[in-house]
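An overview of the molecular structure
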Amino acid sequence: MSDISRTKTIVSCVMAALMLLTFTGCQFGTTVITDADQPDKVVTSFFTSLKQKKYDECDKLFSDKFTIRVTNTSGGKFTDKLVEKYIENLDFSLTDEPEINGINAKQKVQVTTFDKSAFHTWLKENKTRIERKYLSEKQIAEVNHQNTEEVSDLLIYAMDEYTDIRLRTTDIELSLLFSNNRWKIVGTQELIEAIYGGTADEQN
């Protein structure tokens with residue numbers, strides 16, 4: 001190999017190395033070319049379906065095996081009542097344009113729902129009054145606080161008495177993944193907590 005050929009080879013290798021370093025060291029914003037709904041529309045569809053209690057439709061918008069449906073493991077009906085309150089008072093707004101980078105996207109959302117902590121505070125302040133009223137209307141002597149069903153029934157009664165409902169708002173950033181020609185939401189604990197305020201099974 002001549003000196004000129006060797007020089008060209010070395011230059012080519014150096015250029016290839018520089019190109020590799022350049023493209024791996026920098027972030028380039030790219031856009032997926034598709035006629036599918038954009039991330040903001042997918043997020044809007046998700047919350048709209050959730051407000052209508054179309055849980056199966058919501059689950060189809062997740063990128064993995066994730067469900068937004070709450071499973072009642074406590075055995076008490078109050079869990080279902082609480083979830084109902086969350087959904088009845090659910091609202092949302094997209095707070096920014098979606099950020100798209102290749103097959104990944106982010107969408108900022110403001111989620112408003114029932115404030116469980118405010119209800120809990122109110123319940124502690126009115127516990128005696130609520131229980132006495134409950135016993136009087138039910139015409140029973142006492143509530144067995146070791147019986148999940150009886151406590152659940154009392155909490156449902158308290159929820160019906162709670163008319164000055166307080167709401168809470170949470171700002172979250174949803175991640176989306178482009179898969180099978182569709183943008184899908186990545187399910188997270190943060191999303192669950194923004195909608196349901198934690199675990200709906202809490203009863204104390």
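For the structure, check the block above.
Keep in mind it's a predicted model, so treat the numbers as computed, not measured.

Before going further, it helps to spend a moment on unusual backbone geometry. Unlike most non-glycine residues, Lys-53 shows phi in positive territory, near 60°. Its location among the elements puts Lys-53 in the loop between helix H2 (39-51) and helix H3 (55-59). Positive phi values are uncommon outside glycine, yet Asn-181 reaches one of about 60°. Residue position: Asn-181 is located in the loop between strand S4 (167-179) and strand S5 (182-185).

Two numbers describe how H2 lies on helix H7 (residues 189-196): the axes approach to 13 Å, and their chain directions differ by 45°. Judged by the inter-axis angle, H2 sits oblique to H7. In this structure, the crossing between H2 and H7 has a hand that is right-handed. Only Leu-191, Ile-195 and Tyr-196 of H7 make contact with H2, whose side of the interface consists of Phe-46, Phe-47 and Leu-50. Classifying every residue of the contact of H2 with H7 gives six nonpolar, no polar and no charged.

Here the focus is the side chain of Gln-107. The residue Gln-107 is located in strand S3 (residues 104-114) in this model. With residues up to four places along the chain from it excluded, the contact list for Gln-107 reads Asp-40, Val-43, Leu-94, Asp-96, Glu-97, Pro-98, Ile-172, Glu-173, Leu-174 and Leu-176.

Look at H2: 19 Å from first C-alpha to last across 13 residues, which is about the 18 Å you get at 1.5 Å a residue. Among all positions of H2, only Pro-39, Val-42, Val-43, Phe-46, Phe-47, Ser-49 and Leu-50 are buried. Buried residues of H2, seen end-on, are gathered within an arc of 160° and therefore sit on one face of the element. Phi turns positive, to about 60°, at Lys-53, one or two residues after H2.

Let's shift gears to the packing of aromatic side chains. Centre-to-centre distance and the angle between the planes together describe a pair of aromatic rings. Applying the stated criterion to the full structure yields 14 aromatic pairs. A centroid spacing of 5.0 Å and a plane angle of 20° characterise the contact between Phe-47 and Phe-92, whose relative ring orientation is stacked. Of the two residues, Phe-47 sits in helix H2 while Phe-92 sits in strand S1 (residues 91-94), which places them 45 residues apart along the sequence. Taken together, Phe-78, Tyr-86, Phe-114, Phe-119, Trp-122, Tyr-162 and Tyr-196 form an aromatic cluster joined through their ring pairs.

What counts, and at which threshold
- Residues numbered from 1 in each chain as written.
- Predicted model: local features only at pLDDT ≥ 70, side-chain atom pairs only at ≥ 80, totals over all residues.
- Heavy atoms only, no water.
- Helix = DSSP H or I, 4+ residues; strand = E, 2+ residues; numbered from the N terminus.
- Axes fitted to C-alpha atoms, helices over the stretch in contact; angles between N-to-C directions.
- Parallel < 35°, antiparallel > 145°, perpendicular 65-115°, else oblique.
- Left-handed = near helix turned anticlockwise from the far one by under 90°.
- Contact = heavy atoms within 4.5 Å.
- Nonpolar A, V, L, I, M, F, W, Y, C, P; charged D, E, K, R; others polar.
- Expected span 1.5 Å × (residues − 1).
- Buried < 20%, exposed > 50% of the residue type's maximum accessible area, 1.4 Å probe, protein only.
- Arc of directions from axis to C-beta.
- Phe/Tyr/Trp six-rings, centres within 6.5 Å; stacked < 30°, edge-to-face > 60°.

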